[in-house]
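# Structural description and commentary
As a plain string of letters, each chain reads:
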Amino acid sequence: MKKIEFSKEEKAEIVSRIRTYFDRELDPIGALPAEFLLDFFAEEVGPYFYNRGLRDAHAALLRRLEDVGEDIHLLEREEKS
């Protein structure tokens, strides 16, 4: 699997959110520890979220394909023998 990477802007926004969470819920942390925490979650936990997203997308696609199959069946015409 390709490594999960964020743009500089995305990373700055996520680090800001991590720091806000720590300020509100725990003890304040600096930008560098927040970046390390983000990197840890991206590497260690990110694949679980990524894989869940893939499974959800796959299930949604299968549901849509079932609908298409039903629509095609409704379009079929009676064959004369």
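Higher on the page you've got the structure.
Quick caveat: nothing in here was measured; it's all calculated off a predicted structure. Each chain carries its own residue numbering, running from 1 in the written order of its sequence. For this predicted model, a pLDDT threshold of at least 70 governs which residues receive local features, and a threshold of 80 or more governs which side-chain atom pairs are given and counted, while totals over whole chains, interfaces and linings are taken from all residues. Note that water and hydrogens are dropped before the side-chain values are worked out from all heavy atoms of the structure.

Note on definitions: angles span 0 to 180 degrees between N-to-C directions of axes, and those axes are lines fitted to C-alpha atoms, for helices only across the stretch in contact. Elements are defined by DSSP. Helices are runs of H or I of four residues or more, strands are runs of E of two residues or more, and each kind is numbered from the N terminus. Running from N to C, helix 1 (residues 8-25) and helix 2 (residues 31-44) cross one another at 110°; their axes reach a closest spacing of 9 Å. The angle between the axes of helix 1 and helix 2 places the two elements in the roughly perpendicular class. For the pair formed by helix 1 and helix 2, the contact residues are Lys 11, Ile 14, Val 15, Ile 18, Arg 19 and Phe 22 on the first element and Ala 31, Ala 34, Glu 35, Leu 37, Leu 38 and Asp 39 on the second. Under this grouping Gly is polar, as are all residues other than the nonpolar Ala, Val, Leu, Ile, Met, Phe, Trp, Tyr, Cys and Pro and the charged Asp, Glu, Lys and Arg. A breakdown of the residues in the contact of helix 1 with helix 2 according to their chemical character gives eight nonpolar, no polar and four charged. For this classification, under 35 degrees means roughly parallel, over 145 means roughly antiparallel, 65 to 115 means roughly perpendicular, and everything else is oblique. Only heavy atoms enter the contact rule, under which two residues are in contact if any of them lie within 4.5 Å.

Once that is clear, we can look at the nonpolar core. Counting six residues, the largest nonpolar core consists of Val 15, Ile 18, Phe 22, Ile 29, Ala 34 and Leu 38. Every element with two or more residues in this core is listed here: helix 1 and helix 2. Considering each element in turn, this core owes the most residues, three residues, to helix 1. With near-sequence residues (within four places) excluded, Ile 18 lies in contact with Ile 29, Ala 34, Leu 37 and Leu 38. Definition of nonpolar core: a set of buried residues of the types Ala, Val, Leu, Ile, Met, Phe, Trp, Tyr and Cys, connected through side-chain atoms within 4.5 Å. Each residue's exposure class comes from its accessible area (1.4 Å probe, protein chains only) as a fraction of the maximum for that residue type: buried when under 20%, exposed when over 50%, partly exposed otherwise.

With that settled, consider the pattern of salt bridges. Any carboxyl oxygen of Asp or Glu that lies within 4 Å of a side-chain nitrogen of Lys or Arg is treated as forming a salt bridge with it. Inspection of every chain in the model, using the stated rule, returns three salt bridges. The partner of Glu 13 in a salt bridge is Arg 17, with the nearest N and O atoms 2.8 Å apart. With a gap of four residues between them, Glu 13 and Arg 17 both fall in helix 1, about one helical turn apart. Judged by its relative accessible area of 58%, Arg 17 falls in the exposed class.

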